[in-house]
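Remarks on the overall topology
Next come the chains, spelled out residue by residue.
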Amino acid sequence: MASRRGRVLAAVMTAVGVTAAGVACEQSPRALEPTTINGTTTGSAATTTTPTTPTTSAPAPRDFPYQPLWPFADADAAAAWQESYRSGGHQPWHLDAEATTIAFTTDHLGFTEIDQVLASDVRDDEAWVTVGYAVEQSKPGTAAVVHLARIGAGQNAPWEVVGTRDTTLTLTQPRYGTTVSSPVTVGGQVTGVDESIRVQVIGPSGGLGDSCCLAAGGEDTPWSTTVTYQGATGDALTIVASTGGHVTEVERFAITGVRPAA
């Protein structure tokens with residue numbers, strides 16, 4: 001685990017301060033399938049990805065069946081990064097699902113405690129990366145299973161965060177890929193004791209609004225709150241629900257992707 005964590009953190013350190021979404025273009029609406037985000041069953045075999053050798057020709061972006069969340073706004077933005085990688089090897093961490101996930105949790109979400117990869121299941125163009133946090137004198141705690149998919153075309157198609165596979169903390173409202181406006185009602189179910197649920201709306205450049213904190217607990221207990229946000233730009237928003245406070249500030253989280261109303 002130590003060597004894996006060191007490799008992942010080294011890759012993330014290379015990426016600090018760099019935002020790939022800066023080359024984004026507008027994305028037209030497309031059909032989405034939310035059921036592939038939650039409840040997906042994965043196998044026991046775990047693999048990791050490694051950067052591949054740049055090629056000489058630029059592939060055309062392929063259709064992307066999910067709501068792109070981070071780090072690319074759409075397949076065109078991913079293709080622009082592929083060009084820069086082929087020409088100069090820039091930001092190779094985009095080809096590593098684990099490094100992309102840790103950069104997403106620590107940088108984009110701001111969950112600096114969620115800095116460990118606990119498991120990784122990579123299957124062709126999709127990956128499920130389990131992330132967690134350190135617990136003193138105990139095994140690390142599991143925070144979430146992040147779902148990623150390759151966006152774009154060609155052997156150098158980078159990884160994109162598209163959702164989470166949820167269990168004891170779920171986020172089911174609003175539905176994945178739907179269009180929302182402020183204020184937005186957010187809800188799901190939670191299992192736990194003395195939970196404190198915080199909900200944030202995050203855009204490509206950072207937080208746009210949050211609601212903190214909703215007391216909750218029980219067994220598969222419904223929860224719901226309303227979040228007001230402003231300044232939404234682009235074609236995607238990430239809504240994240242998190243809870244913690246027993247061991248560290250954030251111990252579990254779930255995300256969904258939506259589109260801001262025009």
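The paragraphs below set out a description of the structure included in this document. Quantities reported herein were computed from a predicted structural model and do not represent experimental measurements.

1. Thoughts on the overall build of the protein chain
On a plain count of helices and strands, the protein chain comes out with three helices and nine strands. Secondary structure elements of the protein chain occur, N-terminal to C-terminal, as α-α-α-β-β-β-β-β-β-β-β-β. Across the protein chain, every contact between residues at least 6 apart in sequence was considered, and the portion connecting residues at least 24 apart equals 65%. Carbon and sulfur atoms make up 50% of the accessible area of the protein chain, which amounts to about 11600 Å² in all.

2. Observations regarding the environment of Ala 149
Mapped onto the fold, Ala 149 is located in strand S3 (residues 141–150). Take Ala 149: its relative accessible area is 3%, and that puts it in the buried class. Along the sequence, Ala 149 and Trp 159 sit 10 residues apart, while their C-alpha atoms lie 5.6 Å from each other. Setting aside chain neighbours within four positions, we find Ala 149 in contact with Phe 64, Tyr 66, Asp 125, Glu 126, Pro 158, Trp 159, Glu 160 and Val 162.

3. As for the pattern of salt bridges
Within this structure, the stated rule accounts for four salt bridges. In this structure, Arg 252 engages Glu 195 in a salt bridge whose closest nitrogen and oxygen atoms are separated by 3.1 Å. Linking Arg 252 in strand S9 (residues 252–260) with Glu 195 in strand S6 (residues 184–203), this pair joins segments that are 57 residues apart in sequence. You'll find Arg 252 and Glu 195 in the same group, each marked buried. Ionic pairing is found between Asp 210 and Arg 198, a salt bridge with its closest N-O pair at 3.9 Å. Separated by 12 residues along the polypeptide, Asp 210 in strand S7 (residues 206–227) and Arg 198 in strand S6 bring together distant segments of the chain. By relative accessible area, Asp 210 is classed as partly exposed at 41%.

4. Some words on the sheet that holds strand S5 (residues 179–180)
With respect to topology, five strands assemble into an open sheet ordered S5-S9-S8-S6-S7, the strand pairing being mixed. This sheet does not close on itself; its edge strands, each paired only once, are S5 and S7.

5. Looking at the pairing of S7
With 16 bridges joining them, S6 and S7 adopt antiparallel strand pairing. Bridged to Gln 200 within S7 is Asp 210. Hairpin remark: S6 followed by S7, antiparallel, with two residues in the connecting loop.

Here is what the cut-offs are and how they apply
Residues numbered from 1 in each chain as written. Predicted model: local features only at pLDDT ≥ 70, side-chain atom pairs only at ≥ 80, totals over all residues. Heavy atoms only, no water. Helix = DSSP H or I, 4+ residues; strand = E, 2+ residues; numbered from the N terminus. Contact = heavy atoms within 4.5 Å. Areas by Shrake-Rupley, 256 points an atom, 1.4 Å probe, with all protein chains shown as cover. Buried < 20%, exposed > 50% of the residue type's maximum accessible area, 1.4 Å probe, protein only. Salt bridge = Lys/Arg side-chain N within 4 Å of Asp/Glu carboxyl O. Pairing = 2+ DSSP bridges.

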